[in-house]
Amino acid sequence: MPNSSSQPGNELVKLNMYLHHLLVIGLVLSTAFLVFGGVINLASDATPPIKLVPLNQLMHGFVRMDGTSYQTIGIILLIATPILRVFGSFIFFLYQKDWLYTLATLAVLSIILVIILIGKG
Amino acid sequence: MYNPVILMEDIFIFIVSTVVGVIGSMLGIGGGVLLTPILVNIFDIPIKTAIGASIISVISTSSGAGSVYIVRGLVHTRLAMILEIVTTLGAFAGGLSAMILSPSALAFIFGGVLLYVVYMMAFGKERQYENQAASKLIFEYDDPFDESKHKFGIHNLSIGMILSFLAGNISGLLGIGGGIIKVPIMNLLMGVPMRVSIATSNFMIGITAAASAVIYYKFGYLNPGIVTPTLLGVLLGSQIGARIGGRVKSVRLKQLFSLVLLFFSFTMFIQGLNH
């Protein structure tokens with residue numbers, strides 16, 4: 001049973017740096033999309049949107065430079081960031097052969113996957 | 001061109017959100033607790049939309065501060081993952097409930113939770129566990145300020161998990177659940193030192209909020225006109241707050257904050273009765 005307190009220090013530091021960059025990039029990207037989309041909306045004559053664009057219309061909106069679609073992409077990127085962070089930990093535990101926490105992380109990811117798949121699209 | 005009135009409102013929301021971000025990051029509390037009542041009571045935004053916006057700002061706070069905590073090695077990832085299994089389930093249940101419950105019921109529950117927050121701010125104390133007999137989930141870290149090495153284990157894991165489910169529920173339901181719920185569970189109940197509690201809770205709230213946000217997205221309660229100024233404001237505010245952090249006496253700030261929350265708790269109760 002792996003001792004949960006001992007980590008090859010190097011691996012953990014590398015993981016933390018990777019996750020750090022993931023978080024920063026995620027934030028920067030999503031903010032950029034949000035601002036960009038917001039500016040497009042401000043400059044247009046359209047009535048202000050009250051809902052985000054549903055997934056199935058997103059690609060279309062992206063191509064058509066629809067401001068709300070860009071804002072939606074920004075929000076989705078933001079929501080994805082913590083999830084990707086969990087996924088990063090999952091890979092780490094898998095690589096460390098720390099099975100208990102590989103499973104725990106997988107459980108969390110599965111619950112989130114269910115939430116994403118269930119109900120309206 | 002946009003209606004100038006709406007633009008002005010967006011700018012006001014941005015400014016207010018920035019203030020919330022500053023206060024929040026200085027106290028380790030923020031996001032929904034202060035943001036949602038302000039959006040509902042001052043800007044007259046429907047409560048479910050306000051909660052949706054605050055959930056998004058919680059994610060940004062988590063990622064923003066998290067990028068610092070993770071590098072300092074203060075996040076107890078293993079504990080977080082164990083607790084998040086039940087917390088995310090709770091968020092799932094809470095988020096769905098929020099879709100079903102009436103706005104006035106939500107307002108009422110929100111008022112009650114605010115009272116709890118005020119109580120915790122007034123009477124909650126950091127706990128030190130002397131005896132590190134617990135062997136579960138041992139975590140080693142360095143204090144970032146004096147570089148002293150620390151090691152501790154977790155107590156009361158099962159109760160912690162039950163409470164975490166509740167925390168997740170409230171998170172998904174009301175769009176809050178950062179410092180005020182998860183930190184006491186870890187620090188007071190499970191024996192996690194304050195710094196690690198804050199860092200780990202910060203990690204957890206991002207995951208929980210992401211799960212809830214998916215539900216709010218699907219049901220159409222994420223309003224880009226509200227989310228954008230809110231998110232940008234809180235992001236800016238938390239950057240400012242993190243930098244001016246030590247200069248303001250946090251006791252005074254806590255007192256002021258508690259009064260404000262108390263006030264909002266009553267306004268939320270009134271909202272609940274009015275609908």
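Use the structure listed above.
Residues numbered from 1 in each chain as written. Chains lettered and ligands numbered in written order. Predicted model: local features only at pLDDT ≥ 70, side-chain atom pairs only at ≥ 80, totals over all residues. Heavy atoms only, no water.

(A) Geometry of the overall build of chain A. Scanning chain A from terminus to terminus reveals four helices and zero strands. Here the C-alpha atoms of chain A give a radius of gyration of 19 Å, more than 25% beyond the 14 Å that 2.2 N^0.38 yields for 121 residues. Overall, chain A is about 65 × 30 × 20 Å in size when its C-alpha atoms are taken along their principal axes. Taking all 121 residues of chain A together, the buried fraction comes to 44%. Nonlocal contacts in chain A, meaning residues at least 24 apart in sequence, comprise 59% of its contacts between residues at least 6 apart. (Helix = DSSP H or I, 4+ residues; strand = E, 2+ residues; numbered from the N terminus. Rg over C-alpha atoms; globule rule 2.2 N^0.38 Å. Buried < 20%, exposed > 50% of the residue type's maximum accessible area, 1.4 Å probe, protein only. Contact = heavy atoms within 4.5 Å.)

(B) Molecular detail of the overall build of chain B. Within chain B one finds ten helices and two strands. From first element to last, N terminus to C terminus, chain B shows the α and β order α-α-α-α-α-β-β-α-α-α-α-α. For chain B, the C-alpha radius of gyration of 18 Å lies close to 19 Å, the compact-globule estimate for 275 residues. Across its three principal axes, chain B shows a C-alpha extent of roughly 60 × 40 × 30 Å. For chain B, the proportion of its 275 residues judged to be buried stands at 59%. A separation of at least 24 residues holds for 80% of the contacts in chain B among residues at least 6 apart in sequence. Once the 16 positive and 11 negative side-chain charges of chain B are each reduced to a mean point, those two points are 3 Å apart. (Lys, Arg positive; Asp, Glu negative; His and termini not counted. Charge placed at Lys NZ, Arg CZ, Asp CG, Glu CD.)

(C) Seen up close, helix H4 (residues 77-100) of chain B. Residues and elements named next belong to chain B. A rise of 1.5 Å per residue sets the reference length of H4, with its 24 residues, at 34 Å; its end C-alpha atoms lie 33 Å apart and thus fit the reference within 8%. Taking the largest bend as the criterion, H4 deviates by roughly 40 degrees, centred on Glu84. For H4, a buried count of 18 out of 24 residues is recorded, marking the element as mostly surrounded by other parts of the structure. (Expected span 1.5 Å × (residues − 1). Bend = angle between axes of the 7 residues up to and from the residue.)

(D) The side chain of Ser63 of chain B, seen in detail. Mapped onto the elements of the fold, Ser63 of chain B is located in helix H3 (residues 47-71). If we ignore the near neighbours within four places in the chain, the residues touching Ser63 of chain B are Leu23, Leu27 and Thr81 of chain A.

(E) The interface of chain A and chain B, seen in detail. With 56 residues of chain A at the contact, the number on the chain B side is 49 residues. Together, the buried faces of chain A and chain B total about 4500 Å²; carbon and sulfur atoms form 73% of this surface. Of all residues in chain A, the largest losses of buried area upon contact with chain B belong to Leu42, Arg85 and Ile115 of chain A, amounting jointly to 14% of the total for that side. Along the contact surface separating chain A from chain B lie one salt bridge. Between Asp98 of chain A and Arg78 of chain B there is a salt bridge, with its nearest N and O atoms 2.3 Å apart. Counting only elements with at least two residues in the side of chain A that touches chain B, the list comes to helix H1 (9-43), helix H3 (67-95) and helix H4 (99-117) of chain A. Examining the composition of the side of chain A that touches chain B, we find that 14 residues originate from one element, H3 of chain A, more than from any other. Taken together, the residues of the side of chain A that touches chain B sort by class into 36 nonpolar, 15 polar and five charged. (Buried area = accessible area lost by both parts, 1.4 Å probe. Salt bridge = Lys/Arg side-chain N within 4 Å of Asp/Glu carboxyl O. Nonpolar A, V, L, I, M, F, W, Y, C, P; charged D, E, K, R; others polar.)

(F) Region of the structure containing a nonpolar patch on the surface. All names here are of chain A. On the surface, a nonpolar cluster with roughly 470 Å² of combined accessible area is contributed by Leu84, Phe87, Ile91, Leu94 and Trp99. Looking at the nonpolar patch, the element that brings in the most residues is H3, giving four residues. Secondary-structure assignment places Trp99 in helix H4. (Patch = residues over 30% accessible without salt bridge, like charges linked within 9 Å, V, L, I, M, F, W, Y side chains within 5 Å. Areas by Shrake-Rupley, 256 points an atom, 1.4 Å probe, with all protein chains shown as cover.)

Geometric descriptors of this kind do not, in isolation, establish any biological role.
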